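Coordinates in review
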Amino acid sequence: MSAPADIDVRPVTEAGYPEWLRAVHAGFLREPVVSEAELEARRRQFEPGRLLGAFDGDRCVATFRSFAQEVTAVGGELVTADAITAVTVTATHRRRGFLTRMMNQDLAAAKERGDVLATLIAAEYRIYGRYGFGPATSAAEWTIDVTRAGLDPRGPDLAGGRIDLVEAGDVRKLGPELHDRMRRATPGAVSRDEWFWQLNTGAVRPDPKWTEPFFAVYRAADGTVEGLMAYEVDDKWADTMQPSNTASVRGLIASTPAAERALWHYLCSIDWVMRVKSGWRAPDDLLPHLLPNSRAAGITMQSDWLWVRILDVVRALEARTYEGEGALVLEVVDGSGMAGGRYLLEASPAGATCTSTTRSADLTLDVADLATLWLGDESVARLVALGRVREEQAGAGRGADALLRTSRRPWCPDMF
């Protein structure tokens, strides 16, 4: 086995992309063979300088990819981010520092570009805290027992609106504009590029197991598209010839509560559908309370979701809005040296400023915990109780909560 110093960590070239993609398969324990169809489809994601690999000779043994992204801050401002994905280390080369080398190289480039944040969805919880990432949103999945939901089986009251089943091509035309409206009102939501819409409508099919879902669109009475849902239904029947089908939602976005209500009621009213699996939703989603019997919807999965790494504290804190008014001095500890320092945040509903300061700190916290607090989902007082945030002034945690917490929880609808 080669020594770590003999293994080259470098940007991946187009010629090296097939080997890099094979290593991604191996790292995620998939069949370590890349079909020509997948290679052709995924070449559209190739961006020079944004793919890194660790190479033991000609063999790729670790992978890393980043791409440009926007994250919605509290209040609706779109913040530039370095989105990280396809992070793997082959089982034969673990614990040799390759992820650290790739992560440091990528974050340094993101900082140089002027990105405010880095983001990722963590496959394993314990890896990314040491690089300054903190979980900033969470997600839950509900399973609905349709027979106990109490809904009118004749279908939803659409109040002048309508629901139509549409084709994949229609989704590629209608979806981006609807998503843009939704994400600007949803802290934690991220941008979707053309690849997302092609991948999720079957225009590109790197996965040979792709199956076409149903696409349902909700239009308001004036014809405006306010909701879009993709779902699939299995084909299960009991021995007594009674239907036992489950509808599984691949994705649902809506710009109004009326659209959410209409789409969920529609799905629960389809003949032969006995259960509905919601897919990953916001932890405070309206879904269970849109049912006459909210107990019919039970949480079957719940987890952290979007992780954030703050690269520029000043721009991150000034980008978001604040429901309260006050001043807060934060001592931010960052072992990498990229975002540490002492900062004075002065905020009100009218706006916020964040500046370096020599004033005494109210709170001392790691940059990863600041990331966890940035979207307003976590309690400072809770982190104080856990020993992750230190109060330098008595009661500073409660005061910070009054400034940082939000009335609705953030949500990232997407996996990347």
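To be clear, the structure that these remarks concern was listed above.
Residues numbered from 1 in each chain as written. Predicted model: local features only at pLDDT ≥ 70, side-chain atom pairs only at ≥ 80, totals over all residues. Heavy atoms only, no water.

**Regarding the pattern of salt bridges**
Put simply, the test is: In the sections that follow, a salt bridge refers to a side-chain nitrogen of Lys or Arg positioned within 4 Å of a carboxyl oxygen of Asp or Glu. Each helix corresponds to a stretch of at least 4 residues labelled H or I by DSSP, and each strand to a stretch of at least 2 residues labelled E; elements are numbered beginning at the N terminus. The buried label goes to any residue with under 20% of its type's maximum accessible area, the exposed label to any with over 50%, and the partly exposed label to all in between, with areas taken from a 1.4 Å probe on protein chains only.
Scanning the entire structure with this criterion turns up 27 salt bridges. A salt bridge links Arg183 to Glu70; the nearest nitrogen and oxygen atoms lie 3.0 Å apart. On the criterion of sequence distance, the pair formed by Arg183 in helix α4 (residues 168–184) and Glu70 in strand β3 (residues 59–72) is long-range, its members being 113 residues apart. Judged by relative accessible area, Arg183 falls into the buried class, the value being 8%. Between Asp180 and Arg183 there is a salt bridge, with the nearest N and O atoms lying 3.1 Å from each other. Taken together, the residues span about one helical turn, with Asp180 and Arg183 both in helix α4 at a distance of three residues.

**Observations concerning the sheet that holds β3**
This is how it is decided: What makes two strands pair is DSSP finding at least two bridges between them. It only takes one pair of heavy atoms within 4.5 Å for two residues to be counted as in contact. For every element, the axis is a line fit to its C-alpha atoms; helices are fit only across the contacting stretch, and the angle between N-to-C directions ranges from 0 to 180 degrees.
Read from one edge of the open sheet, seven strands run β1-β2-β3-β4-β5-β14-β6, paired in mixed fashion. In the strand order of this sheet, the two ends are held by β1 (8–11) and β6 (134–135), each with one partner. Pairing between β1 and strand β2 (residues 51–56): four bridges, direction antiparallel. Paired with Asp8 across the bridge in β2 is Phe55. Packed on one face of the sheet, helix α8 (residues 367–374) meets β3, β4 (78–89), β5 (117–121), β6 and β14 (306–310) and runs near 125 degrees to β14.

**What about the environment of Arg154?**
Stated formally: Any pair of N or O atoms that falls within 3.5 Å is considered a polar contact. Within protein, one atom must be able to donate a hydrogen and the other to accept it, and sequence-neighbouring residues count only if both atoms are side-chain atoms.
The residue Arg154 is located in the loop between β7 (138–145) and β8 (162–166) in this model. Its relative accessible area of 76% is what places Arg154 among the exposed residues. On a C-alpha basis, the gap between Arg154 and Ser294 in space is 19 Å, while along the polypeptide they are 140 residues apart. Of the polar contacts made by the side chain of Arg154, one reaches the side chain of Asp152; its length is 2.8 Å.

**Comments concerning the side chain of Thr201**
For Thr201, the position within the fold is in the loop between α5 (194–199) and β9 (214–219). What makes Thr201 buried here is its relative accessible area of 3%. Reaching out from Thr201, the side chain makes a polar contact with the side chain of Arg172 at a distance of 2.7 Å. The contact partners of Thr201, leaving out residues within four places of it in the chain, are Ala168, Val171, Arg172, Trp210, Glu212 and Phe215.

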